[in-house]
Amino acid sequence: MPSRVPRIPRSARAPGAWYYPSMPVVTVNGGWREFPDGTTIRELLKALGAAPVLVVVERNGEVVYPEDWDGAVLCEGDSFEVATFVGGG
């Protein structure tokens, strides 16, 4: 596995034991998350509870436009920043 993949503690079985996850692990806003194989950016947003019309998605430092979300599948080690627009005055 790539060195960018985190080792995640499996505290439920043996404290201090480590395993490499079987699902792709990505970084979302600085935190590690697992998603099933084939998950798209649109599905990522749904899992986060983000309203698609109110967010900007950056993948590995590059903006991903909404028209590309359905075809963009998450890959092991991807890094995402999801920014939400907030109104105010």
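Given the structure is predicted, the values throughout are model-derived calculations rather than measurements. (Residues numbered from 1 in each chain as written. Predicted model: local features only at pLDDT ≥ 70, side-chain atom pairs only at ≥ 80, totals over all residues. Heavy atoms only, no water.)

Undergrad: What is the right way to look at the nonpolar core in this model?
TA: Soluble, globular proteins show a tendency: their nonpolar side chains are buried together. One finds Ile-41, Leu-45, Val-55, Val-57, Trp-69, Leu-74 and Phe-80 to be the most contacted residues of the largest nonpolar core, which totals 15 residues. Put simply, the parts of the chain that give this core at least two residues each are β3 (25-28), α1 (41-48), β5 (55-59) and β7 (79-84). With three residues, α1 is the single largest residue contributor to this core. Ile-41 has contacts with Val-57, Arg-59, Val-64, Trp-69, Ala-72, Leu-74 and Phe-80, leaving out every residue within four places of it along the chain. (Core = buried A, V, L, I, M, F, W, Y, C linked by side-chain atoms within 4.5 Å. Buried < 20%, exposed > 50% of the residue type's maximum accessible area, 1.4 Å probe, protein only. Helix = DSSP H or I, 4+ residues; strand = E, 2+ residues; numbered from the N terminus. Contact = heavy atoms within 4.5 Å.)

Undergrad: Even after reading the chapter, I still don't get a nonpolar patch on the surface, so can you show me in this structure?
TA: Side chains of Val-53, Leu-54, Val-56, Val-63, Tyr-65 and Phe-85 sit close together on the surface and give an oily, nonpolar patch of about 590 Å² of accessible area. Along the polypeptide, Phe-85 turns up in the segment after β7. Judged by relative accessible area, which is 53%, Phe-85 ranks as exposed. (Patch = residues over 30% accessible without salt bridge, like charges linked within 9 Å, V, L, I, M, F, W, Y side chains within 5 Å. Areas by Shrake-Rupley, 256 points an atom, 1.4 Å probe, with all protein chains shown as cover. Salt bridge = Lys/Arg side-chain N within 4 Å of Asp/Glu carboxyl O.)

Undergrad: In this structure, what is going on with the environment of Ala-51? I would like to understand it.
TA: Along the polypeptide, Ala-51 turns up in the loop between α1 and β5. Residue classification places Ala-51 among the partly exposed positions, given a relative accessible area of 35%. As for Ala-51 and Thr-84, which are separated by 33 residues in sequence, their C-alpha atoms are 8.4 Å apart.

Undergrad: What's the story with α1 in this structure? I'm lost.
TA: Because each turn of an α-helix spans 3.6 residues, side chains separated by three or four positions end up pointing in the same direction. Those residues of α1 that sit buried are Ile-41, Leu-44 and Leu-45. Projected onto a plane normal to the axis of α1, the buried residues spread over an arc of 100° and lie on a single side. Along its buried surface, α1 packs onto β3, β5, β6 (62-64) and β7. One or two positions beyond α1, positive phi appears at Gly-49, with a value near 75°. (Arc of directions from axis to C-beta.)

Undergrad: Which parts of the structure should I look at to understand the pattern of salt bridges?
TA: Two side chains carrying opposite charge are able to pair once their charged atoms lie near each other. All told, the structure shown has two salt bridges when counted by the stated rule. Among the ionic pairs, Arg-42 bridges to Asp-70, the shortest N-O distance being 2.7 Å. Taken as a pair, Arg-42 in helix α1 and Asp-70 in the loop between β6 and β7 lie far apart in primary sequence, 28 residues in all. Taking the relative accessible area as the measure of exposure, Arg-42 reaches 31% and is therefore partly exposed. Arg-59 is the partner of Asp-78 in a salt bridge, and the nearest nitrogen-oxygen pair spans 2.7 Å. Taken as a pair, Asp-78 in the loop between β6 and β7 and Arg-59 in strand β5 lie far apart in primary sequence, 19 residues in all. Arg-59 shares its class with Asp-78; the two are buried.

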